[in-house]
Amino acid sequence: MGNSKQTVLVIDDERDIRELLSITLGRMDLNVDAAANVGEAKRMLAEQHYDLCFTDMRLPDGTGQELIELIARQYPDTPVAMITAYGNVEAAVDALKAGAFDFVTKPVDINMLRRLVQTALKLAEEKQAVAGATQGRLIGDSPAMQDVRGRIEKLARSQAPVYISGESGVGKELVARLIHEQGPRASGPFVPVNCGAIPSELMESEFFGHKKGSFTGAHADKDGLFQAANGGTLFLDEVAELPIHMQVKLLRVIQEKAVRPIGGRGEIGVDVRILSATHKDLARLTQMGQFRQDLFYRINVIELRVPPLRERRNDVPMLAGRVLERLAGQSGIAAPKLKPEALEALAEYDFPGNVRELENILERAIALCEHGVITVDDLMLKPSPASRSRDEDEDYEDDGDGEDLTGGADGGGLDEYISNVEREAILKALQETRYNKTAAARKLGITFRALRYKLKKLAID
């Protein structure tokens, strides 16, 4: 297997489908591995990095939905697409909600498959480029960032729980990843979980797992997030969103270092380092009785505050330069130049959305600028940025669609129906967020990169 080639995993119990996809993807100069069931796929995912996965909906020992959720949770850098029967709208919608970036219907259209693969791999490269821009370090030479980097290095050597505080968009997950990667658990899994995105009634199963038959719908044993992070790090993002009953259970797991799956007879020991974060004032919530004091002290053994962009304005030119280089590289063009007055305007802007907002502003500016020069007008900065809510980009609980997406296809076919549903939901979210793509993605419950893919696919300008 050539190391320079990208590798795709195909999971389907039908040999004809596996062979068809293997031949097609092989002709695209991709390495292809194939699995016939969930168990085999899980083993291969644990042993090999994949740049893209395809999974059938129905498998002999489980479902494709289960694999999509697993990949989204444990291998978030790997795009996954569902292979589903023609006309099965509900399954396709469920897959998209679970984290699939797209779906393929049987019989497989080869030309459509090629386009989907090309787009998906480009999407993955963009995500890796974002990570690569800050991999191993945080961009910025300001005293504030030098202090953060120094503290990350020290905290990485410890096994104490760390509470990462900071506003929306400052890079709290990146900080958590760096603590993990620079420490002794680097070879173990890093499992991030958004506590605000899990329905309350599913939390215990998601965190601690369940046994087959323990409740309606429990068709097989399932490991929880703690088991998935065993030997590594569990990052609890938006930990303030945990309901009280889960706070009690989480505290016990941290204290006992063991979990009891739903329906299980005994406890299972887990070796997990806990990192947590939220953009909310957790100490204030504790004082108000909305967050348990004993849990607060348990997860807040050490606090690491990540400063907002307005507190390190000297880093803006360097950050802007790196973002422009990355975005231009993705488009195959020369990096545009910022006029001095445009750079000055960025340095004076408050950035309520911090680094995420900076990326959004510059991406829009590249599309608007002429002759490779970005002006103040191209930036389209809001006149009163302080008036915008800093919580806008963190509304994980509202998926923003407001419609039943599992209805009939009206005879137009699955592709057309899903496209119409997606288009309506995306347009509605964009309108409600004043065409802020980052906020719209959060409202839809998908990643920013996934939204960009949808916009391109649906030709939404």
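Every value quoted in this text rests on a predicted model; they were computed, and no experiment measured them.

**What to know about the sheet that holds strand 10 (residues 233–237)**
One key point about sheets: their strands pair by backbone hydrogen bonds, in either a parallel or an antiparallel sense. Spatial strand order, 9-10-13-8-14: 5 strands in an open sheet with parallel pairing. Two strands lie at the open edges of the sheet, namely strand 9 (190–194) and strand 14 (302–305), each paired on one side alone. The mean angle between the axes of side-by-side strands here comes to 20°, regardless of whether they run parallel or antiparallel. Contacting strand 8 (162–165), strand 13 (273–278) and strand 14, helix 6 (residues 143–156) runs over the sheet at an angle of about 150° to strand 14.

**Regarding the packing of aromatic side chains**
Counted by the stated rule, this structure contains 6 aromatic pairs. Geometrically, the ring pair formed by Phe 207 and Phe 226 is tilted, given 6.4 Å between the ring centres and 45° between the ring planes. Of the two residues, Phe 207 is situated in helix 8 (residues 203–208) and Phe 226 in helix 9 (residues 225–228); the sequence distance between them amounts to 19 residues. Ring centres of Phe 296 and Tyr 297 lie 5.6 Å apart, and the angle between their planes is 55°; on these two criteria the pair is classed as tilted. By relative accessible area, Tyr 297 is classed as exposed at 53%. An aromatic cluster of three or more residues is present, and its members are Phe 207, Phe 208 and Phe 226.

**With respect to the pairing of strand 9**
Most of strand 9 is tucked away: 5 of the 5 residues are buried. Here strand 9 pairs with strand 10 via 5 bridges, running parallel. Bridge pairing in strand 10 places Pro 192 opposite Phe 235.

**Some thoughts on the confidence of the model for the chain**
Model confidence for the chain is summarised by a mean pLDDT of 82, while 87% of its residues fall at 70 or above. Throughout residues 129–136 the model reports pLDDT below 50, and contacts reaching past four residues in sequence, or to other chains, amount to 13 contacts. Note on residues 384–412: pLDDT is under 50 here. Beyond four places in sequence and across chains, it has 60 contacts.

**Digging into the packing of helix 2 (residues 38–47) against helix 3 (residues 64–74)**
For the pair helix 2 and helix 3, interaxial distance at closest approach is 11 Å and the crossing angle is 15°. It follows from the interaxial angle that helix 2 and helix 3 lie roughly parallel. By crossing handedness, the relation of helix 2 to helix 3 is classed as right-handed. For the pair helix 2 and helix 3, contact is made by Val 38, Ala 41, Lys 42 and Leu 45 and by Glu 66, Leu 67, Leu 70 and Ile 71, respectively. For the contact of helix 2 with helix 3, a count of residues per class yields 6 nonpolar, no polar and 2 charged.

**A word on the nonpolar core**
By size, the foremost hydrophobic cluster in this structure holds 32 residues, and its most contacted members are Phe 207, Phe 226, Leu 234, Leu 236, Leu 242, Leu 282 and Phe 291. Residue assignment for this core shows that the elements contributing at least two residues are strand 9, helix 8, helix 9, strand 10, helix 10 (244–256), helix 11 (282–287) and helix 12 (293–299). Per-element accounting of this core gives the leading share, 5 residues, to helix 10. Core analysis: the second largest hydrophobic core is formed by 24 residues, Leu 9, Cys 53, Leu 70 and Phe 103 among them.

**Observations concerning the sheet that holds strand 1 (residues 7–11)**
Across the sheet, which stays open at both edges, the 5 strands sit in the order 2-1-3-6-7 with parallel pairing between neighbours. Bordering the open sheet on either side are strand 2 (31–35) and strand 7 (102–106), each of which pairs with just one other strand. For this sheet the average axis-to-axis angle between neighbouring strands, irrespective of direction, equals 20°. By the bridge criterion, 5 bridges tie strand 6 (residues 80–85) to strand 7 in an arrangement that is parallel. By the bridge assignment, Ala 85 is partnered in strand 7 with Lys 106. Together, strand 1, strand 2, strand 3 (52–56), strand 6 and strand 7 form the strand contacts of helix 1 (residues 15–26), whose direction differs from that of strand 2 by roughly 170°.

**Details of the pairing of strand 6**
Strand 6 sits mainly inside the fold: 5 of its 6 residues count as buried. Pairing of strand 3 with strand 6 involves 4 bridges; the strand directions are parallel. Looking across to strand 6, one finds that Thr 55 is bridged to Met 82.

**Brief notes about the environment of Gln 146**
Locating Gln 146 in the fold gives a position in helix 6. A polar atom in the side chain of Gln 146 sits 2.7 Å from the backbone oxygen of Asp 141.

**A closer look at unusual backbone geometry**
Among all residues except glycine, the phi angle is most often negative; among peptide bonds, the trans geometry is most common. Residues Lys 106 and Pro 107 are joined by a peptide bond in cis, for which omega reads -5°. Mapped onto the elements, Pro 107 comes out in the loop between strand 7 and helix 5 (110–134). Here His 371, not a glycine, exhibits a phi torsion of approximately 60°, which is positive. When you line up the elements, His 371 lands in the loop between helix 15 (354–368) and strand 16 (373–374). Taking the relative accessible area as the measure of exposure, His 371 reaches 78% and is therefore exposed.

Procedures and definitions
- The numbering scheme is per chain: residues are counted from 1 as the chain's sequence reads.
- Thresholds applied to this predicted model are a pLDDT of at least 70 for local features of residues and 80 or more for the giving and counting of side-chain atom pairs; totals over whole chains, interfaces and linings are not thresholded and use all residues.
- Just so you know, side-chain values use all the structure's heavy atoms and leave hydrogens and water out.
- Two strands qualify as a pair provided that DSSP identifies no fewer than 2 bridges between them.
- Only DSSP runs of H or I covering at least 4 residues are called helices, and only runs of E covering at least 2 are called strands; the numbering of each starts at the N terminus.
- Lines are fitted to the C-alpha atoms to define the axes, a helix being fitted only along its stretch in contact, and any angle between axes, read from their N-to-C directions, falls within 0 to 180 degrees.
- The contact criterion used is simple: two residues touch if any of their non-hydrogen atoms lie within 4.5 Å.
- Note on ring pairs: Phe, Tyr and Trp rings are taken, using the six-membered ring of Trp, and paired if centres are within 6.5 Å. Classes follow the plane angle, with under 30 degrees stacked, over 60 edge-to-face and the rest tilted.
- Under the scheme applied here, a residue whose accessible area is under 20% of the maximum for its type counts as buried, over 50% as exposed, and between as partly exposed, the area being computed with a 1.4 Å probe on protein chains only.
- Every residue carries a pLDDT, the predictor's confidence in it, which falls somewhere between 0 and 100.
- Put simply, angles under 35 degrees are roughly parallel, angles over 145 are roughly antiparallel, angles from 65 to 115 are roughly perpendicular, and the rest are oblique.
- Definitions for this section: a left-handed crossing has its near helix turned counterclockwise from the far helix by less than a right angle. A right-handed crossing has that turn clockwise.
- By the convention adopted, Pro, Cys, Tyr, Trp, Phe, Met, Ile, Leu, Val and Ala count as nonpolar, Lys, Arg, Asp and Glu as charged, and the other residues, Gly among them, as polar.
- Only buried Ala, Val, Leu, Ile, Met, Phe, Trp, Tyr and Cys residues count toward a nonpolar core, and they belong to the same one when joined by side-chain atoms within 4.5 Å.
- Pairing of N or O atoms within 3.5 Å defines a polar contact, subject to two protein rules: one partner must be a possible hydrogen donor and the other a possible acceptor, and residues neighboring in sequence count only if both atoms are side-chain atoms.

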